[in-house]
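Listed here are the chains, written in short residue letters.
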Amino acid sequence: MMDRDRNKTLLLELQRAAGTGNGCCADCGEPDPEWASYKLGIFICLNCSGIHRNLPQISRVKSLRLDFWENDLIEFMKKHGNLCAKAKYEAKVPPYYYIPQSCDCLVLKEQWIRAKYEREEFVATRVCQDPCSAGSREGFLWKRGREGRQFQKRRFLLSAREGLMKYYTKEEIVDWFNAIRAARYHYLRTTFPTVPELELIPRITRKYVKEGYMEKTGPKQKEAFKVRWFCLDSQERNLMYFKNPLDAFAQGQVFIGKRDEGYEVRAGLPQAVRVKKRKPAITVVTPVREFVFICENDREQREWIDALAGVMAQPLTGHRHRKGGNREMSTRECRCSEASVPLQNLA
């Protein structure tokens, strides 16, 4: 019993030790991991430990608090740790490769863990080329049509040289995801050769700060409210709306500027607007007009207000600085050709 308590205390001290990286999950960054792999010498979270259990030839896991740790395993963990494993298994991670975070889906985490430890794709001695790094890929994906709801199997060709992702009318989602990121990275690297890599990486793919259904009315604020799927892109400062969540093209978008330039988000409706539904509303004020949206509930209203206010608080940078107010862009202005999607617009 004394050894059990002593070893448990030592493990928790190792997990909290400064300069080891053990305070966060070695695979997804979740803080305060409660599990560890005693074959790899790393500290991991509960979700990632479940993936490690499926790799018994590579990794074996135990709970820091619930399981008994032998003395030799304690010594092994002392000699290794998260930073040590990172130096070995993440030595050559391509700059475009998406490293999943704790909030990401299971398939991204599993493929990241398998790529690191099972296939050892990123170790320093690896000589074979990553299939995504060439910026080209060919294979089948299921694509949803522009008008209908039916998905059709199509052969796609991704070409970084042409800057296009083409498909023809006559598997692996993570591989496609990183292949698209590689092509997008190649485009950005070529187009902006002097921009530091750390500034390019966040622009490889868009990460919406808020998504969900709201109801919107037209510019006269007398038109009937229609349900639409909204996405708030903080990088481009655009609030885009779609008829359906999986639509390839937005029906329109609203530019979100800075508060000190006349942009504001308010809870509730403008005085002149009357609606029959008793639901929480949002008014987005721009220098030119007011945009009115109805939310499903109070929680959604608060989340949209916080997300929009956060974008308005961000400084305007470079090409995003627009002069002369705002207007709602139409479907035609937002769309590009369906048969080939330019990578500079791909998200």
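Residues numbered from 1 in each chain as written. Predicted model: local features only at pLDDT ≥ 70, side-chain atom pairs only at ≥ 80, totals over all residues. Heavy atoms only, no water.

Observations concerning helix 2 (residues 46–53)
Given 3.6 residues per turn, any residue in an α-helix points the same way as the ones three and four places further on. Where helix 2 is concerned, the buried positions are Cys48, Ser49, Ile51 and His52. Here the buried residues of helix 2 occupy an arc of 155 degrees about the axis, which is enough to place them on one side. Away from the buried face of helix 2 by more than 90 degrees, exposed residues Leu46 and Asn47 are located. (Buried < 20%, exposed > 50% of the residue type's maximum accessible area, 1.4 Å probe, protein only. Helix = DSSP H or I, 4+ residues; strand = E, 2+ residues; numbered from the N terminus. Arc of directions from axis to C-beta.)

Quick look at the side chain of Gln301
Tracing the backbone shows Gln301 in helix 8 (residues 298–313). Taking the relative accessible area as the measure of exposure, Gln301 reaches 13% and is therefore buried.

Thoughts on the pattern of salt bridges
Considering all chains together, one arrives at 18 salt bridges under this definition. In this structure, Glu34 engages Arg65 in a salt bridge whose closest nitrogen and oxygen atoms are separated by 2.8 Å. Of this pair, Glu34 sits in the loop between helix 1 (2–16) and strand 1 (35–37) while Arg65 sits in the loop between strand 3 (61–63) and helix 3 (71–79); the two residues are 31 residues apart in sequence, bridging distant segments of the chain. Relative accessible area serves as the criterion here: at 32%, Glu34 is assigned to the partly exposed category. We classify Arg65 as partly exposed; its relative accessible area is 38%. Between Glu300 and Lys210 there is a salt bridge whose closest N-O contact spans 3.3 Å. Remark: Lys210 occurs in strand 7 (residues 210–216) and Glu300 occurs in helix 8; sequence separation between them is 90 residues. For the residue pair Glu300 and Lys210, the accessibility class agrees, reading buried in each case. Members of the salt-bridge network, linked through shared partners, are Asp27, Lys86, Glu90 and Lys116. (Salt bridge = Lys/Arg side-chain N within 4 Å of Asp/Glu carboxyl O.)

Concerning the sheet that holds strand 2 (residues 42–44)
If you trace the 3 strands from one edge of the open sheet to the other, you get 2-1-3, paired in antiparallel fashion. In the strand order of this sheet, the two ends are held by strand 2 and strand 3, each with one partner. Mean inter-strand twist for the sheet, computed between neighbouring axes without regard to direction, equals 30 degrees. Of the pairings in the sheet, the one linking strand 1 to strand 2 comprises 3 bridges and is antiparallel in character. Note on strand 2: the bridge partner recorded for Ala36 is Phe43. The sheet strands contacting helix 2 are strand 1, strand 2 and strand 3, and the helix crosses strand 2 at an angle near 120 degrees. (Pairing = 2+ DSSP bridges. Axes fitted to C-alpha atoms, helices over the stretch in contact; angles between N-to-C directions. Contact = heavy atoms within 4.5 Å.)

So far we have only geometry, and geometry alone does not tell us how the molecule works.
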